[in-house]
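Next come the chains, spelled out residue by residue.
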Amino acid sequence: MHVPTIQRTAESSPWGPAPSSPGEQSDSLDAVTAPLAGQVVAGTLLTVITFGIYRFWYKTALRRYYWRNTRLAGDGFEYTGTGRELFVGFLIALAIVVPIYLAGTLVSLFGGQVLGPTLAGILGLLIMPAVVQILTYRARRYRLTRTRYRGVQFHQSGSGTAYLLRTVWWLVLSIVTLGIAFPFFRRALERYKIENTWFGSAQGSFESEARPLLGAWMAFWVVGLVVVVLFGGITTDAMSDGIGAMFGALLALILTFFVLPFLWIRYRVHEFRTFTAGTRFGVITFASTLTTGAVTWIWIRYYLALFGLMLAFGGLMAVTGGLPILAAGANPLVLLGLAPVLLIAAAGFLVALALVTELVFRRPLWALRVRSVTVNRLDALDAVVQQAGLNATGIGEAFDTGFDVAG
Amino acid sequence: MESPGRYFDGQRPVPRTVTVRRMANALELRPEGEGPSLVWPLGEIRLEPHGAEAHLHRVVADRDTGERLTLPRAAFELMMGPALASLSKGRAGEASNRRILVWSVAAIGSVVFLLLVGLPLFARLAVPLVPWRWEEAIGRSVEPQVVEFLAERSGQSIRFCGRDNPAGRLALDAMVSRLTAGTALRGPLVVDVVDIPLVNAFAMPGGRIYLFRPILDKAEGPDEVAGVLAHEIGHVLNRDSLRAIIHGGALSLVIGLVIGDVTGGSTLAIMGKVLAGQAYSRENESEADRVSVELMQKAGADPRAINLFFRRISPFGQANRSITDLLAAHPVTEDRIAEVERLAAGSAGSAHRPILDTGEWQALKSICGPARKP
């Protein structure tokens, strides 16, 4: 059996081998914040007008923006996927998801008192998440094969089923250890993804440990346990005297809404730095200086902006008489007559929400993460060669759908 | 005219410096040092302007060759002149904006068609395919949710009258059997009086009918109650609630999946449900009215009693109706009342005999016992 070698494809270059770069080079990733608001407004409006069908093209436009403006050593990344591929992938995903959904509906209607809920539970809580996990892995393959840097394509090996099996195994271990093994679960999945990631002929390798993450994880875990105990105490009236119960409830609320989110962000930032440092492509290594404070600040600004948006729209509704309309909405005939007004208000709200989410949250977070990363031994890119035959992609690859779990 | 550029051959991520020169129908890329020049026909070039740079890539037979060329945007635009506008943009395998527009319009059209025509038609065609046994099973699995919903809505526990009142039960059964005598039913009707303070009645899949207590309290004769009951039997005969369930399920499936995400989806889904639900139920009501008149005539009772009842409980123009009211679920219009009058005109001259005798009517009236304290 003839195996095509790396050299064969390299020989097809018209001018022989490219000059090698002198010495060791490293550079940080750069994020260019080019104008984006116009695309968000147009994309959201078109999505609303087309009953959501345009969202595949909108998502493609956003990806092009983020890929193109992520730059390394003077060259941007490229996203070569198209909206049509996403749309076709969505139709295929429908063909898989709809029968499961229908089966769930049918068994819960006709399955009887015991069998119905059991079968519906198996479908909804086991089979559906399993399918989504496989599709998630395939969606990553789609995104990687549609990513190029300096003309050379990324791709992904491995299979969704193997990814699913790892997920199940580590999930069981995490549950058995009451969640303490969670960083190991995360590392196992990240490892599978990175080791199956290719840039041309360069395969990723992953050497990160989960142990350095245990400190940040246990902080979150312990506070989570305290919250559970507090809520348990309040509901079972163990703290029966009024002041104690009130203090406990207040503490539980503060922990739930302020401390736990912060500790979760802190864990994820630690994870990002650790996993980035553990990723290699040959001799090319990475490092990240992402800080918890900077990420937390983005989250705070995002929540403040959302809060402001709600206030602004609530005020607008009150002033323009939108609230009485909604109150009268109990009568369907009134609602019918006011449908255009309500639709315009809803579209305006969705555009404002999309602007806030994209400009106050997603883009700053992207820029922060990208700029935190340094790439070492860029000179080793010379050894990377494009691999042939990657474009032979059936539509089955385009499982990247509206069920977006990325980010 | 020439310009320096950065070229990637699509094989290795290593830049080569080239000199780009415009030819009549192509660009020539001359390497630094040794080697033959490359020629990119203009028809194979895709352009992506990016800040001060022009990014070009090459697509041959709708496939991305991986070749990339970056050069200063100003120099490139000068070099291309008027031919710049005719360069292709976008990626291999991408449809043009015009095709996207055409297909979007077509997609909107088919979604609208599906919602207004397709789904109601589907529900209508699917109903006869569902065996009655299945419909009964659906009714049994829906009933607990309905009871729970009603209990929540009225703030009381739900009590079924007549289960401990044999006389009232007998009167109710007599009314049902006299109404349905000679009518081909697919299965037994199960009628119950429910003791909650809402003026309503409805039929669930599988022949389950709830009459709410205030209907008995406000009616001034057995024929008024029988008219409402006959209307609900009409819904059972036409299998309207099964059709509504199939229609609603298919609708939420279609809207939820087409819209896909939560942000835009929920708003539109709610709007769509309200609009579609309204348009859907009106003809069903007229059809149930027709059955009501027919059953009442066959039983020798007064088919127009239902109109008296409706006029008594609904002074037109009354505001502040609750969604669970009879009027919201079964909108009473002057059209419907006139239609009942027209259908019943044939029997206008003949003498009507009330469907229950006085003793039975009293038994039915008191089926729930003394009024509950709210």
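Worth saying up front: this structure is predicted, and the values here are computed from it rather than measured.

Caption draft 1: Quick peek at the overall build of chain B. If you tally the helices and strands in chain B, you get twelve helices and twelve strands. Taken across its 374 residues, chain B has 51% of its residues classed as buried. Nonlocal contacts in chain B, meaning residues at least 24 apart in sequence, comprise 63% of its contacts between residues at least 6 apart. Summed over its atoms, the accessible surface of chain B is roughly 17700 Å², and 60% of this surface lies on carbon and sulfur atoms.

Caption draft 2: Expanded view of helix H11 (residues 334-344) of chain B. All names here are of chain B. Where H11 is concerned, the buried positions are Arg336, Ile337, Val340 and Ala344. Looking straight down H11, one finds its buried side chains confined to an arc of 100°; they lie on one side. Exposed and facing more than 90 degrees away from the buried side of H11 are Asp335 and Arg342.

Caption draft 3: Geometry of the sheet that holds strand S3 (residues 26-31) of chain B. Residue and element names in this part refer to chain B. One open sheet accounts for eight strands, arranged S4-S3-S2-S1-S7-S6-S5-S8; its pairing is mixed. The sheet is open, and its two borders are formed by strand S4 (38-41) and strand S8 (88-89), each paired with just one other strand. Across seven bridges, the pairing between strand S6 (residues 53-60) and strand S7 (residues 63-72) is antiparallel. Bridge pairing in S7 places His55 opposite Thr70.

Caption draft 4: View of the environment of Cys368(B). Residues and elements named next belong to chain B. Its location among the elements puts Cys368 in the segment after helix H12 (358-365). Classification of Cys368 by relative accessible area gives buried; the value is 5%. Sequence spacing of Cys368 and Asp164 is 204 residues, and the spatial spacing of their C-alpha atoms is 9.2 Å.

Caption draft 5: Spatial organisation of the packing of helix H5 (residues 115-145) of chain A against helix H6 (residues 160-176) of chain A. All names here are of chain A. In contact at an axis separation of 8 Å, H5 and H6 are set at 125° when each is read in the N-to-C sense. Taken together, the axes of H5 and H6 are oblique relative to one another. Between H5 and H6 lies a crossing whose hand is right-handed. Residues Ala130, Gln133, Ile134 and Tyr137 of H5 lie in contact with H6, whose contacting residues are Gly160, Thr161, Tyr163, Leu164 and Thr167. Its residues assigned to classes, the contact of H5 with H6 comprises five nonpolar, four polar and no charged.

Caption draft 6: Up close: the pattern of salt bridges. In the structure shown here, the tally under the stated rule is 34 salt bridges over all chains. We note a salt bridge from Glu78(A) to Arg68(B), for which the minimum N-O separation is 2.5 Å. One end of the pair, Glu78(A), is in strand S4 (residues 75-79); the other, Arg68(B), is in strand S7, on a second chain. Arg68(B) shares its class with Glu78(A); the two are buried. As a salt-bridge pair, Arg342(B) and Glu339(B) come within 3.0 Å of each other at their nearest N and O atoms. Of this pair, Arg342(B) and Glu339(B) both sit in helix H11, three residues apart, which is roughly one turn of the helix.

Caption draft 7: Summary view of empty space enclosed by the protein. Using the criterion set out here, one finds five cavities of 30 Å³ or more in the structure. Taken as a whole, the largest cavity spans an internal volume of roughly 220 Å³. Around the largest cavity sit 18 residues that line it, and Gly76(A), Phe77(A), Glu78(A), His55(B) and Arg68(B) are the ones nearest its centre. Top element by residues in the lining of the largest cavity is S4(A). It accounts for five residues. Residue classes in the lining of the largest cavity are distributed as five nonpolar, five polar and eight charged.

Caption draft 8: A look at the side chain of Thr167(A). Residues and elements named next belong to chain A. Its place among the elements puts Thr167 in helix H6. For Thr167, a relative accessible area of 9% puts it in the buried group. What Thr167 contacts, discounting residues up to four positions off in sequence, is Gln133, Phe185 and Leu189.

Caption draft 9: Spatial organisation of the nonpolar core. In terms of nonpolar packing, the biggest core is built from 49 residues, with Leu29(A), Leu72(A), Phe77(A), Tyr149(A), Phe199(A), Val375(A) and Leu381(A) touching the most fellow members. Examining the composition of this core, we find that seven residues originate from one element, helix H3 (residues 55-68) of chain A, more than from any other. Excluding its chain neighbours within four sequence positions, the residues that come into contact with Tyr149(A) are Leu72(A), Ala73(A), Asp75(A), Gly76(A), Phe77(A), Phe154(A), Phe199(A), Leu381(A) and Pro13(B). Judged by nonpolar contacts, the second largest core, of 46 residues, contains Ala203(B), Ile215(B), Leu356(B) and Ile367(B).

Caption draft 10: Main features of the packing of H5(A) against helix H7 (residues 182-195) of chain A. Residues and elements named next belong to chain A. Two elements in contact, H5 and H7, have axes separated by 11 Å at closest approach and are oriented at 35°. The hand of the H5/H7 crossing is right-handed. Residues Gln133, Tyr137 and Arg140 of H5 form the contact with H7, whose participating residues are Leu189, Tyr192, Lys193 and Ile194. In terms of residue class, the contact of H5 with H7 is made up of four nonpolar, one polar and two charged.

Caption draft 11: Region of the structure containing the side chain of Thr70(A). Residue and element names in this part refer to chain A. Its location among the elements puts Thr70 in strand S3 (residues 70-72). Among the residues examined, Thr70 registers a relative accessible area of 11% and is labelled buried. Thr70 has contacts with Leu29, Asp30, Asp75, Gly76, Phe77, Trp366 and Val370, leaving out every residue within four places of it along the chain.

Caption draft 12: Highlighting the packing of aromatic side chains. Per the stated rule, a full pass over the model turns up 36 aromatic pairs over all chains. Between Tyr302(A) and Tyr303(A) the ring centres are 6.0 Å apart and the planes differ by 45°, which places this aromatic pair in the tilted class.

Caption draft 13: Looking closely at the sheet that holds strand S11 (residues 373-376) of chain A. Residue and element names in this part refer to chain A. Strand order in this open sheet of eleven strands is S1-S11-S10-S9-S8-S7-S6-S5-S4-S3-S2, and the pairing throughout is antiparallel. With one partner strand each, in any of the chains shown, strand S1 (26-28) and strand S2 (30-31) form the two edges of the open sheet. Against the sheet, H3 engages S3, S4 and strand S5 (147-149), with an angle of about 160° to S4. Each of S4, S5, strand S6 (152-156) and strand S7 (197-199) touches H5; the most contacted strand, S6, lies at about 170° to it.

Caption draft 14: Here's a closer look at the environment of Pro188(B). Residue and element names in this part refer to chain B. Mapped onto the elements, Pro188 comes out in the loop between helix H4 (166-180) and strand S10 (190-194). Looking at Pro188, the relative accessible area reads 56%, which means it is exposed. Taking C-alpha positions, Pro188 is 8.6 Å from Gly206, a pair spaced 18 residues apart along the chain. Among residues more than four places away in sequence, those in contact with Pro188 are Glu136, Gly206 and Gly207.

Caption draft 15: Representation of a nonpolar patch on the surface within the structure. Residue and element names in this part refer to chain A. On the surface, Leu115, Leu119, Ile122, Leu125, Leu126 and Ile127 cluster together into a nonpolar patch covering about 560 Å² of accessible area. In this fold, Leu125 is placed in helix H5. For Leu125, a relative accessible area of 67% corresponds to the exposed category.

Caption draft 16: Quick look at the confidence of the model for chain A. Residue and element names in this part refer to chain A. Mean pLDDT over chain A: 82, with 82% of residues reaching 70 or higher. Looking at the elements of chain A, mean pLDDT is at its lowest for helix H1 (residues 6-11), recorded as 39, and at its highest for H7, recorded as 95. Low confidence marks residues 1-11, where pLDDT is under 50. Its contacts with residues over four positions away, or in another chain, come to eight contacts. Confidence drops under a pLDDT of 50 for residues 392-407, and excluding neighbours within four residues, the segment shows 41 contacts in the predicted structure.

Caption draft 17: Molecular detail of helix H3 (residues 132-154) of chain B. Residue and element names in this part refer to chain B. Taking 1.5 Å as the rise per residue, H3 with 23 residues should run 33 Å; its terminal C-alpha atoms sit 31 Å apart, in good agreement. At Val142, H3 shows its largest kink, close to 35°, and the proline Pro144 lies no more than four residues downstream. Where H3 is concerned, the buried positions are Trp132, Glu135, Ala137, Ile138, Gly139, Val142, Glu143, Val146, Leu150 and Ser154. Taken from the residues just after H3, Gly155 is the one with a positive phi, measuring 70°.

Rules used throughout
Residues numbered from 1 in each chain as written. Chains lettered and ligands numbered in written order. Predicted model: local features only at pLDDT ≥ 70, side-chain atom pairs only at ≥ 80, totals over all residues. Heavy atoms only, no water. Helix = DSSP H or I, 4+ residues; strand = E, 2+ residues; numbered from the N terminus. Buried < 20%, exposed > 50% of the residue type's maximum accessible area, 1.4 Å probe, protein only. Contact = heavy atoms within 4.5 Å. Areas by Shrake-Rupley, 256 points an atom, 1.4 Å probe, with all protein chains shown as cover. Arc of directions from axis to C-beta. Pairing = 2+ DSSP bridges. Axes fitted to C-alpha atoms, helices over the stretch in contact; angles between N-to-C directions. Parallel < 35°, antiparallel > 145°, perpendicular 65-115°, else oblique. Left-handed = near helix turned anticlockwise from the far one by under 90°. Nonpolar A, V, L, I, M, F, W, Y, C, P; charged D, E, K, R; others polar. Salt bridge = Lys/Arg side-chain N within 4 Å of Asp/Glu carboxyl O. 1 Å grid on protein atoms, 1.4 Å probe; cavity = no way out; pocket = protein on both sides within 12 Å on 5 of 7 lines; lining within 4 Å. Points joined across faces, edges and corners; volume = space filled by probe spheres on them. Core = buried A, V, L, I, M, F, W, Y, C linked by side-chain atoms within 4.5 Å. Phe/Tyr/Trp six-rings, centres within 6.5 Å; stacked < 30°, edge-to-face > 60°. Patch = residues over 30% accessible without salt bridge, like charges linked within 9 Å, V, L, I, M, F, W, Y side chains within 5 Å. pLDDT = per-residue confidence, 0-100. Expected span 1.5 Å × (residues − 1). Bend = angle between axes of the 7 residues up to and from the residue.

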